[in-house]
Amino acid sequence: MEQGMDPTAELVRRSAAGDPTAFDCLVREYMNTVLGLAYNYVRNFHTAEDLAQETFVQAYQSISTLRDGARFKVWLLRILRNKCIDHIRRNPRQLSLDQDQELQREVSHKAVQAPAQEPEPRRITEEDLFETLDSLRSDYREIFIMKHVDNLSYKEIADLLGMTVSAVGEKLYRVRSMIRAKLEAAGSN
C-alpha cells in the first residue's frame, strides 16, 4: 500500500484491478452497515439479506467506475438505497404485509407478557424508542438511523441523500426534537 493512502481506497484500487480478496475485505468491512440499512428500509431480514447481496454484486461488477476509492462507502450505500427504493416501489403490498406480520407477532408477544398493572411513572424502554422510530416518516427515520445507527458523518449523509450538510443538520435537529417529544409523551403514560 502506498504511503498515506486510505486503506479503503487501496482495497478499491486492488478490487478494480481484479483482486477478489480485496473485495472480500470490503464486503466484511461494510456488510453490517449495508444489512442494517437495508433492514431499516424493508423491515424484513430475508429481503434485506437479498438486497445487501445484490448491492455487493452490483458494486463488484462496477467498482472500476468508481473514480475516488475513498468515497466507496457513500457510493456503496447509494447503490443500496436505490435497490431498496426500487424494491419498495415494486412490492408495496409485500412490505406492508411483512410489517403487519411483525406487528402481529409483537402484539401477541406483548399480550402474553403484559403485566397486570404498569408501575408509575413508566420508564422509557428500548421498545418505546423502536415504536417511536417506526412512527416517523421514512425520510426522518432514514436520516436518524444513518447518523445514530450507521454512524455516518453529516457529509456522508449529505452526499448520499443529495442534500447540503446544513440541511442534514437541520433535519436531524427536527427528527431528534420529534423523537424526544414522543418519548416524553410515552414516558408520562
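The coordinates are above.
Moving on to the pattern of salt bridges. Taken as a whole and assessed by the stated rule, the structure comprises eight salt bridges. Put simply, Asp19 and Arg14 hold a salt bridge, and the shortest N to O gap is 3.0 Å. Among the salt bridges present, the one from Glu142 reaches Arg81, with a minimum N-O distance of 2.7 Å. Here the residue Glu142 occupies a position in helix H7 (residues 138–148), and Arg81 occupies one in helix H4 (residues 72–90), the gap between them amounting to 61 residues. Within this structure, Arg71, Lys155 and Asp159 form a network of salt bridges that share partners.

Another point: the environment of Lys182. Looking at where Lys182 falls in the secondary structure, it is placed in helix H9 (residues 165–188). Through-space distance from the C-alpha of Lys182 to that of Leu129 is 8.9 Å; in sequence the pair is 53 residues apart. Setting aside anything within four residues of it in sequence, one finds Lys182 in contact with Thr132, Ser135 and Leu136. Reaching out from Lys182, the side chain makes a polar contact with the side chain of Ser135 at a distance of 3.0 Å.

Another aspect to go through is the packing of aromatic side chains. Per the counting criterion, the structure on display carries four aromatic pairs. Ring geometry for Phe23 against Phe56: centres 6.5 Å apart, planes inclined by 80°, an arrangement best described as edge-to-face. Taken together, the residues span a long stretch of sequence, with Phe23 in helix H2 (residues 20–42) and Phe56 in helix H3 (residues 45–62) at a distance of 33 residues. Each member of the pair, Phe23 as well as Phe56, is classed as buried. A centroid spacing of 5.0 Å and a plane angle of 65° characterise the contact between Phe23 and Tyr60, whose relative ring orientation is edge-to-face. Taken together, the residues Phe23 in helix H2 and Tyr60 in helix H3 connect sequence positions 37 residues apart. Residue Tyr60 is classed as partly exposed on the basis of its relative accessible area, which comes to 40%. Over the ring of Tyr140 we find Arg137, and its NZ or CZ is 4.3 Å from the ring centre.

Before going further, it helps to spend a moment on the packing of H7 against helix H8 (residues 154–161). Contact geometry for H7 and H8: axes closest at 10 Å, N-to-C directions at 145°. The two elements H7 and H8 meet at a crossing, and its hand is right-handed. Residues Glu142, Ile143, Met146 and Lys147 of H7 pack against Tyr154, Ile157, Leu160 and Leu161 of H8. Taken together, the residues that form the contact of H7 with H8 break down as six nonpolar, no polar and two charged.

Here H4 is 19 residues long and its end C-alpha atoms lie 27 Å apart, about the 27 Å a rise of 1.5 Å per residue gives. Three or more residues of H4 are buried, namely Phe72, Lys73, Val74, Trp75, Leu76, Leu77, Ile79, Leu80, Lys83, Cys84 and His87.

One finds Leu26, Val34, Phe72 and Met146 to be the most contacted residues of the largest nonpolar core, which totals 45 residues. Put simply, the parts of the chain that give this core at least two residues each are helix H1 (7–16), H2, H3, H4, H7, H8 and H9. With 11 residues, the top contributor of residues to this core is H2. For Leu26, the residues in contact, after removing those within four places along its chain, are Thr8, Leu11, Val12, Ser15, Phe56, Ile63 and Phe72.

Following both chains from N to C, one finds H2 and H7 inclined at 160°, their axes separated by 11 Å at the closest point. Judged on the interaxial angle alone, H7 and H2 are roughly antiparallel. For H2 against H7, the interelement crossing comes out right-handed. Between H2, through Leu37, Asn40 and Tyr41, and H7, the contact on the second element is made entirely by Arg141, Glu142, Ile145 and Met146. In terms of residue class, the contact of H2 with H7 is made up of four nonpolar, one polar and two charged.

Rules and cut-offs
- Residues numbered from 1 in each chain as written.
- Predicted model: local features only at pLDDT ≥ 70, side-chain atom pairs only at ≥ 80, totals over all residues.
- Heavy atoms only, no water.
- Salt bridge = Lys/Arg side-chain N within 4 Å of Asp/Glu carboxyl O.
- Helix = DSSP H or I, 4+ residues; strand = E, 2+ residues; numbered from the N terminus.
- Contact = heavy atoms within 4.5 Å.
- Polar contact = N/O pair within 3.5 Å; in protein donor to acceptor, adjacent residues only side chain to side chain.
- Phe/Tyr/Trp six-rings, centres within 6.5 Å; stacked < 30°, edge-to-face > 60°.
- Buried < 20%, exposed > 50% of the residue type's maximum accessible area, 1.4 Å probe, protein only.
- Lys NZ or Arg CZ within 6 Å of the ring centre and 35° of its normal.
- Axes fitted to C-alpha atoms, helices over the stretch in contact; angles between N-to-C directions.
- Left-handed = near helix turned anticlockwise from the far one by under 90°.
- Nonpolar A, V, L, I, M, F, W, Y, C, P; charged D, E, K, R; others polar.
- Expected span 1.5 Å × (residues − 1).
- Core = buried A, V, L, I, M, F, W, Y, C linked by side-chain atoms within 4.5 Å.
- Parallel < 35°, antiparallel > 145°, perpendicular 65-115°, else oblique.

Any link to function would need more than the numbers given here.
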